[in-house]
Amino acid sequence: MIFFVIAFHPEAKPLIEHFKLKKIPSSKFETFSNNQVFLILTREGMIKSSIGTTYLLTKFSAQEKDIAINLGICGAQNRKFQKGDIILCHKIINHYSKRAFYPDIIVNHDMKEGILESFMTPVKKDMEEKIEGDIVDMEGAGFF
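Thresholds, definitions, all that
- Residues numbered from 1 in each chain as written.
- Predicted model: local features only at pLDDT ≥ 70, side-chain atom pairs only at ≥ 80, totals over all residues.
- Heavy atoms only, no water.
- Helix = DSSP H or I, 4+ residues; strand = E, 2+ residues; numbered from the N terminus.
- Rg over C-alpha atoms; globule rule 2.2 N^0.38 Å.
- Buried < 20%, exposed > 50% of the residue type's maximum accessible area, 1.4 Å probe, protein only.
- Core = buried A, V, L, I, M, F, W, Y, C linked by side-chain atoms within 4.5 Å.
- Expected span 1.5 Å × (residues − 1).
- Contact = heavy atoms within 4.5 Å.

Student: Would you mind going over the overall build of the protein with me for this structure?
Tutor: When its secondary structure is counted, the protein shows 3 helices and 10 strands. Overall, the protein shows an N-to-C arrangement of helices and strands of β-α-β-β-β-α-β-β-β-β-β-β-α. Its C-alpha radius of gyration of 15 Å places the protein within 12% of the 15 Å reference for a compact globule of 144 residues. With respect to the three principal axes, the spread of C-alpha positions in the protein is 45 × 30 × 25 Å. The burial tally for the protein puts 40% of its 144 residues in the buried class.

Student: Even after reading the chapter, I still don't get the nonpolar core, so can you show me in this structure?
Tutor: What tends to happen in soluble globular proteins is that the nonpolar side chains get buried as a cluster. Membership of the largest hydrophobic core is limited to 10 residues, which are Phe-4, Ile-6, Ala-12, Leu-15, Ile-16, Leu-21, Phe-32, Val-37, Leu-39 and Leu-41. Among the elements of the structure, strand S1 (2–6), helix H1 (9–18) and strand S4 (37–41) are those that each provide at least two residues to this core.

Student: Would you explain helix H2 (residues 46–59) in this entry?
Tutor: One turn of an α-helix holds 3.6 residues; hence residues three or four places apart share an orientation. Between its terminal C-alpha atoms H2 stretches 20 Å, which fits the 20 Å expected from 14 residues at 1.5 Å a residue. For H2, every residue scored as buried is listed here: Met-46, Ser-49, Gly-52, Thr-53, Tyr-55 and Leu-56. Each element contacted by the buried residues of H2 is listed here: S1, strand S3 (30–33), S4, strand S7 (87–94), strand S9 (112–118) and helix H3 (140–143). Among the residues trailing H2, Ser-61 stands out with phi positive, at a value near 50 degrees.

So, in structure tokens, the structure goes:
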């Protein structure tokens, strides 16, 4: 199975339509499925992403060979990334705890790779000097 963790409906809408996902009633989170693909909307923030990811993988009995994907819109500090790029993150930083995660990338791919840094609040221009990552968001570290 494939599990998608996404903050907002506009980010998820193309996947909901492509996989013909149906809303699961009486879920603690807005959750969609076609019994092979599951998608949860967590809203913004690391904590909500962490709780939503845990809920999704537990509720629908994720197995070792299943795939979990955090997908969403992010900001880019590095000019090598353009609007619409799909970026595989080889390092994820929690800005506040300074804890870093290094996901195993064990597949060959043609995607761009980058470092994601997660913040508790939206990143503003005057914060540029504090950013270690190539891209920034508010959920990735919570998901991982």
